[in-house]
Amino acid sequence: MSLIQHFVNGKSYKGNSNRKGKVFNPATGEQESEVILGSKEDLNNTVNIARKAFESWSLKPPLQRARVMFKFKELIERNSEEIAKLIVSEHGKVYEDAKGSLTRGLEVVEFACGIPQMLKGEFTENVGKNVDSWSLRQPLGVCAGITPFNFPAMVPMWMFPMAIALVGMVASILGSFLVKGGDSTDSKALSHALHRGTNVAMGLTIVGTVGISFWLFDSAQGNPIGLAISVIGGLIVGWALGKTAEFYTSDHFGPVKKIAAQSETGPATTVLSGISAGMVSVAASVILVLAGIGVAYWGGEETLGNGIYGIAVAAIGMLATTGAVVSVDAYGPIADNAGGIAEMAELDPSVREVTDALDSLGNTTAAIAKGFAVGSAALTALALFKSFELAVQQAGGSLTLNVGEVDVFIGLFLGAGLPFLFAALTIDAVGRAATAMIEEVRRQFREVPGLREGKEGVTPDSARCVAISTEASLKEMIIPGSLAVVVPLVVGFIDIDALGGLLAGALVTGFALAIFMANAGGAWDNAKKYIEAGNHGGKGSDPHKAAVVGDTVGDPFKDTSGPAMNILLKVMTIVSLVFASAFV
């Protein structure tokens, strides 16, 4: 197999790097040769050779330089067929692409042919009173770099995420067939039945990921197992985030039982205990995400020398079994609504006991799904942030994230505060909608005869209540939704480094706030369910009333503000990425 070396100063040489890239035939996908990759020392040597050559070149008169450049242009045009074939053999491009590359290179040479004319300078007489203008242009030096683009080698990188998503979808479908219900209302038995489908889907996805990695990256310069570990790491971190959420929100574990016990002393201690449990859960979640990022980065470096790609596919891995996770998440609202229907239909209390047990598990599964969602949002935001940085560089700008710079520091604090403002607006929106709903219920009790007494044949105007909720859900999100779009645009047009700080600050605090709200809200809800099951005085007792207050506080936490953080982080980063070139 042929070895393609460097060609500098009219000579071929191997250089100082031991790294090699594989060149593939674009038609067959088979490897044809290897190209030696340059090192930093090779580049420095090449630049020094160019500088040395420039010393004598700079002494030549401009017209003589022009003649040399025109001769060079003539040689390229005369031998364009041979040069294009050489590009095909060394870069793995198809012939037409090689011709296009040669044409772009020729345009640079044509521009260089006109440089001597530009170097002549200008003289303008009497630009001002007794003032003549004379300008002189001087070349500063020569720098050249060549990076071959091997199109066939890029195809596996494009196919890999889609292949992982496909395997995850198929695995989720197969896993769903293993979820079997039983007669038991014990939440542990129900939990095992639900998680069986998710765990089987994860296992199948892991097996499929390893096979796909070796299939697509068997010819990569690194070990294909690296990217498989990145994806599996993301999948396991998502599962671990779910288990963390389950620990802090399930009534089988200490945190929820502690909140229920605190209800013995009133609503204040109930709320404080729930806030504490939510905050503690953030620490464990942060450690898990950081571990996942580290593993994913190592995997990307191990296979492709690109750690950011490893982090991006880790997010794909975390969401690969979305079908199974979302179906388990949807279980909660279904069980909750079933309980509401049972109560409105005045069914036997034993039915409500069953639906309460199902709803309690549903709160836990919802927290698990939220952990998956916000964890993937953190990984995705990191990959998108890197894409934003590259987009800025391609547009001719640069992004500095030095906290010692005032603009970055200002952006960092703006970003840190934005998720809190966003959360406050969404919580206020829930409060206003709830107030309107309560006023409507009170109005109907006052104005509809027999409604308060529950007389037969008297029905409330439920449609009006539904309309209030639906209308509020749309109108109240105008301002919070606009923040996610407008703030990055305003900051980006003022200072792009401040925008970088804004995105970094929002990512860190938004992730922590989302985990805190989701887990605290789920813990409060299940603490109430735990008391309703007969503990601490049972339903109607003073501890139960205190737990209802905690549950009321927790609902906007776990159902509105917490999940909305996921959207905030992604929208802000995507808006910044789309408008990156306009900010430069």
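Whatever comes next refers back to the structure up there.
Note that the structure is predicted; figures quoted are calculated from it, not measured.

Asks: Tell me about the packing of helix 10 (residues 267–304) against helix 18 (residues 542–578), and name the residues and values.
Replies: Orientation of helix 10 relative to helix 18, taken along the N-to-C sense of each, is 45 degrees, at an axis distance of 8 Å. Comparing the axis directions of helix 10 and helix 18 gives the class oblique. The interaxial crossing formed by helix 10 with helix 18 has right-handed handedness. Residues Pro267, Thr270 and Val271 of helix 10 lie in contact with helix 18, whose contacting residues are Ala546, Ala547, Val549, Gly550 and Val553. The class makeup of the residues in the contact of helix 10 with helix 18 is 6 nonpolar, 2 polar and no charged.

Asks: Talk me through the nonpolar core; I want residue IDs and the actual numbers.
Replies: Phe388, Leu499, Phe516, Met565 and Met572 are the most contacted members of the largest nonpolar core, which has 62 residues in total. Excluding its chain neighbours within four sequence positions, the residues that come into contact with Phe388 are Leu399, Ile496, Leu499, Leu503, Ser576, Leu577, Ala580 and Phe583. Within the second largest apolar cluster, 12 residues are counted, among which are Met157, Phe160, Val231 and Val313.

Asks: Any details on empty space enclosed by the protein? Residues and values, ideally.
Replies: Taken as a whole, this structure holds 1 cavity of 30 Å³ or more when the rule is applied. Around the largest cavity, the lining comprises 13 residues; the ones closest to its centre are His195, Thr198, Trp239, Ile368 and Phe372. Within the residue set of the lining of the largest cavity, elements represented by two or more residues are helix 7 (187–216), helix 8 (225–249), helix 12 (322–344) and helix 13 (349–394). Its residues assigned to classes, the lining of the largest cavity comprises 6 nonpolar, 5 polar and 2 charged.

Asks: Could you give an account of the pairing of strand 5 (residues 31–36), naming the residues involved and the relevant values?
Replies: Direction of pairing for strand 1 (residues 2–4) relative to strand 5: parallel, over a ladder of 3 bridges. From the neighbouring strand, Ile4 faces strand 5, where its bridge partner is Val35. In the sheet, strand 4 (residues 20–24) pairs with strand 5 via 5 bridges, with the strands oriented antiparallel. Opposite Lys22, over in strand 5, you have Glu34 as the bridge partner.

Asks: Tell me what's going on with the layout of surface pockets, and back it up with residues and numbers.
Replies: Left-over empty space is what a probe sized like a water molecule reveals as it rolls over the atoms. Reported here for the second largest pocket is a volume of approximately 1000 Å³. Surrounding the second largest pocket, 35 residues form its lining, Pro333, Asp336, Asn337, Lys558 and Asp559 being those nearest its centre. Counting residues per element, the ones that place at least two in the lining of the second largest pocket are helix 12, helix 13, helix 17 (496–532) and helix 18. Residue contributions to the lining of the second largest pocket peak at 12 residues, all from helix 12. Taken together, the residues of the lining of the second largest pocket sort by class into 12 nonpolar, 7 polar and 16 charged.

Asks: Kindly report on helix 18, identifying the contributing residues and their values.
Replies: For helix 18, spanning 37 residues, the distance from its first C-alpha to its last is 54 Å, which sits close to the expected 54 Å at 1.5 Å a residue. Along its length, helix 18 shows its largest kink, about 35 degrees, at Lys558.

Asks: Account for the pattern of salt bridges, with residues named and values stated.
Replies: Considering all chains together, one arrives at 15 salt bridges under this definition. A salt bridge links Lys243 to Glu246, with the nearest nitrogen and oxygen atoms 3.3 Å apart. Of this pair, Lys243 and Glu246 are both found in helix 8, 3 residues apart, which corresponds to roughly one turn of the helix. Measuring nitrogen to oxygen at the nearest pair gives 2.8 Å for the salt bridge that ties Arg432 to Glu476. With a gap of 44 residues between them, Arg432 in helix 14 (residues 406–447) and Glu476 in the loop between helix 15 (462–475) and helix 16 (478–494) connect regions that are remote in the sequence. Classification of Arg432 as partly exposed rests on a relative accessible area of 44%. It is possible to trace a salt-bridge network through shared partners that takes in Asp525, Lys529, Asp555, Lys558 and Asp559.

Definitions and limits used
Residues numbered from 1 in each chain as written. Predicted model: local features only at pLDDT ≥ 70, side-chain atom pairs only at ≥ 80, totals over all residues. Heavy atoms only, no water. Axes fitted to C-alpha atoms, helices over the stretch in contact; angles between N-to-C directions. Helix = DSSP H or I, 4+ residues; strand = E, 2+ residues; numbered from the N terminus. Parallel < 35°, antiparallel > 145°, perpendicular 65-115°, else oblique. Left-handed = near helix turned anticlockwise from the far one by under 90°. Contact = heavy atoms within 4.5 Å. Nonpolar A, V, L, I, M, F, W, Y, C, P; charged D, E, K, R; others polar. Core = buried A, V, L, I, M, F, W, Y, C linked by side-chain atoms within 4.5 Å. Buried < 20%, exposed > 50% of the residue type's maximum accessible area, 1.4 Å probe, protein only. 1 Å grid on protein atoms, 1.4 Å probe; cavity = no way out; pocket = protein on both sides within 12 Å on 5 of 7 lines; lining within 4 Å. Points joined across faces, edges and corners; volume = space filled by probe spheres on them. Pairing = 2+ DSSP bridges. Expected span 1.5 Å × (residues − 1). Bend = angle between axes of the 7 residues up to and from the residue. Salt bridge = Lys/Arg side-chain N within 4 Å of Asp/Glu carboxyl O.

Read these as geometric descriptors, not functional statements.
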